[in-house]
Amino acid sequence: KNQVEQSPQSLIILEGKNCTLQCNYTVSPFSNLRWYKQDTGRGPVSLTIMTFSENTKSNGRYTATLDADTKQSSLHITASQLSDSASYICVVSMDSNYQLIWGAGTKLIIKP
Amino acid sequence: NAGVMQNPRHLVRRRGQEARLRCSPMKGHSHVYWYRQLPEEGLKFMVYLQKENIIDESGMPKERFSAEFPKEGPSILRIQQVVRGDSAAYFCASSPGRNTGELFFGEGSRLTVL
């Protein structure tokens, strides 16, 4: 069964600290993996898209990794800011069709 | 560069009424997706449309819900005879093609059924 599992479900850290969010998937055939950020009450916004051949991709303080062999991805946030408080969603796209498999998201709370 | 536009942003309906949610995709995008999100939950796929065609409606309830994306004008998600359980945020996303990269989301339409 095609699934995307994220951990932890929720996370609270202090402002300025780093954190890492995990995404494990069992989607096949794999096309790409995306990380979205969803602020409360807003639509999701794409952070990164990673294809099979990409291991690491950075977008400012966000760095995503992908291990296609173990089917794992992580999103590392450096020097967290209050504005990083949001839900972070991992989405895997299946090759050969349009289907997207959505994770349930990790709710991140940054405390001052 | 206008993004995905959804309206209304907030809609209140009484049980039994109809709700119509509209979505104008980004310029040049011909693929539209509708998602539903309940409070404190993730996004759930409802329907995927291309201009004048429904590609996949496997996530849409069989009754009371319908969607269209006409040749001209916005995509419409229609909910007939709304019930309290329909209260949710409905998000629309668009893309330039099938599985061609990221989806661009609107800010959502929040439906409250009294």
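Bear in mind the structure is a predicted one, so any value in this text is a computation, not a measurement.

**Student:** What am I meant to see in the packing of aromatic side chains here?
**Tutor:** By convention here, two paired aromatic rings are described through the distance between centres and the angle between planes. All names here are of chain A. All told, the structure shown has 10 aromatic pairs over all chains when counted by the stated rule. Pairing Tyr36 with Trp102 gives two aromatic rings, centres 5.7 Å apart and planes at 25°, and the pair type is stacked. Separated by 66 residues along the polypeptide, Tyr36 in strand β4 (residues 30–38) and Trp102 in strand β10 (residues 100–102) bring together distant segments of the chain. Just as Tyr36 is buried, Trp102 falls in that class too.

**Student:** How should I be thinking about the sheet that holds strand β1 (residues 4–7) of chain A in this particular structure?
**Tutor:** Pairing between the strands of a sheet comes from backbone hydrogen bonds, and it takes one of two forms, parallel or antiparallel. All names here are of chain A. Strand order in the open sheet made by the five strands is β1-β3-β8-β7-β6, with antiparallel pairing throughout. Strands at the two margins of the open sheet, each flanked by one partner only, are β1 and β6 (56–59). Neighbouring strand axes in the sheet, compared pairwise and without regard to direction, differ in orientation by 15° on average. For strand β7 (residues 62–67) and strand β8 (residues 72–77), the ladder comprises six bridges, and the chain directions are antiparallel. Within β8, the position partnered with Thr65 by the bridge is Ser74.

What counts, and where the lines are drawn
- Residues numbered from 1 in each chain as written.
- Chains lettered and ligands numbered in written order.
- Predicted model: local features only at pLDDT ≥ 70, side-chain atom pairs only at ≥ 80, totals over all residues.
- Heavy atoms only, no water.
- Phe/Tyr/Trp six-rings, centres within 6.5 Å; stacked < 30°, edge-to-face > 60°.
- Helix = DSSP H or I, 4+ residues; strand = E, 2+ residues; numbered from the N terminus.
- Buried < 20%, exposed > 50% of the residue type's maximum accessible area, 1.4 Å probe, protein only.
- Pairing = 2+ DSSP bridges.
- Axes fitted to C-alpha atoms, helices over the stretch in contact; angles between N-to-C directions.

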